[in-house]
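# Coordinate analysis (summary)
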Amino acid sequence: MNKSDGKFNFTVFFNKWGIYIILLIMVVISAIASPNFLTISNILSVLRQSTPTILLAFAAMFLMISGNMDLGAGAGLAFSGIASLVAYTTSGSMIVGLIVGILAGILVGVVNGVITAYLAVPSFIVTLATDLIVRGLIMMYTGGQAITKTDNFSIIGQGYVGAIPIPIIITIVIAVISWFILRNTTLGRKFYAIGGNPEAAKAACIDVKKTIVQSYVLAGALTAVSGIVLISRLNSGTPTAGDGYALDAIASTVIGGSSLAGGVGTATGTLAGAIIMGLISNILNLVGVQSYVQKVVKGIIIILAVVMDVQSKKKKA
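Everything numeric here is computed off the predicted structure, so don't read it as measured data.

Rules used throughout
- Residues numbered from 1 in each chain as written.
- Predicted model: local features only at pLDDT ≥ 70, side-chain atom pairs only at ≥ 80, totals over all residues.
- Heavy atoms only, no water.
- Helix = DSSP H or I, 4+ residues; strand = E, 2+ residues; numbered from the N terminus.
- Buried < 20%, exposed > 50% of the residue type's maximum accessible area, 1.4 Å probe, protein only.
- Axes fitted to C-alpha atoms, helices over the stretch in contact; angles between N-to-C directions.
- Parallel < 35°, antiparallel > 145°, perpendicular 65-115°, else oblique.
- Left-handed = near helix turned anticlockwise from the far one by under 90°.
- Contact = heavy atoms within 4.5 Å.
- Nonpolar A, V, L, I, M, F, W, Y, C, P; charged D, E, K, R; others polar.
- Patch = residues over 30% accessible without salt bridge, like charges linked within 9 Å, V, L, I, M, F, W, Y side chains within 5 Å.
- Areas by Shrake-Rupley, 256 points an atom, 1.4 Å probe, with all protein chains shown as cover.
- Salt bridge = Lys/Arg side-chain N within 4 Å of Asp/Glu carboxyl O.

Before going further, it helps to spend a moment on the environment of Phe180. Within the element layout of this structure, Phe180 appears in helix H7 (residues 166–184). What makes Phe180 partly exposed here is its relative accessible area of 45%. Spatially, the C-alpha atom of Phe180 lies 30 Å from that of Lys298, the residues being 118 residues apart in sequence.

Across the interface, helix H11 (residues 245–255) lies against helix H12 (residues 267–286) with an axial gap of 7 Å and an inter-helix angle of 125 degrees. If you check the angle between H11 and H12, you find them oblique. In this structure, the crossing between H11 and H12 has a hand that is right-handed. Residues Asp248, Ala251, Ser252, Thr253 and Ile255 of H11 lie in contact with H12, whose contacting residues are Thr270, Gly273, Ala274, Ile276 and Met277. Residue composition of the contact of H11 with H12, grouped by class: five nonpolar, four polar and one charged.

Among the surface-exposed residues, Trp17, Tyr20, Ile21, Ile25 and Ile29 lie close enough to one another that they form a single nonpolar patch of about 430 Å² accessible area. As for its placement among the helices and strands, Ile21 is situated in helix H1 (residues 10–33).

So, on to the side chain of Asp248. Relative to the helices and strands, Asp248 resides in helix H11. A relative accessible area of 13% places Asp248 in the buried class. Excluding its chain neighbours within four sequence positions, the residues that come into contact with Asp248 are Thr53, Met277 and Lys298.

Quick look at the structure:
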């Protein structure tokens, strides 16, 4: 309802609930396309396969809310996952492997954040450059070959706690933490402030540069978790892992209601957007659409999502 005149306002309603309506429609379409879609085993399988993209979408969300982005997240994902795998197989300790992997992701995040914030280089340029650097380093280390000595590393991506896949449990934990940071912490409010109006944030005594670096550190840690889950699920340290995932993550975030202009976004919307992207891939696979055609479809979806974001900003202005 529109509070000013008591009449139903479709625009306000859709802006608030549209993403969840679209998710419901996607579920219905998937159920029609495949009678087995609504089985518990299939739903868990789809969510498990979507976990790396969902986690990467949360990383993109924090950056986008703070007015930045990471176009090299796919490389950071591969770098962190392979670093974690190598540390695990070398030390024999899962804890050491996880710590090294997360530190690797944070390292990439710090580099991106410092260059973006303190050298005033646009984030898309910085992250494109680090994408090339990190991919090159991965290729140099692996010689372009997959690391297949994995021991029991696969338990993270393929294991279960009871009947629930471990990746889904990780996704739930990260989703709750992300929601809490945005809704209940000073850091989350700072992200919104610097993304919405950096000058006003400065006037409010917020250290904008430091906060940008913090957003990249957080995104780097989440990217690392995504990489660890993906490499573990593949049970192989593939140098090309995560290729194309950055755009999927950004698309998921924009579909979920985050704005490329910064200052807008929610954890629940991002989760819904990422699940929608996963369902789109699932539907395309179910109907036998070839992988290169799927890239065309996803590209169109990204364009439409960005156009909707731009038009929404124009109407608000």
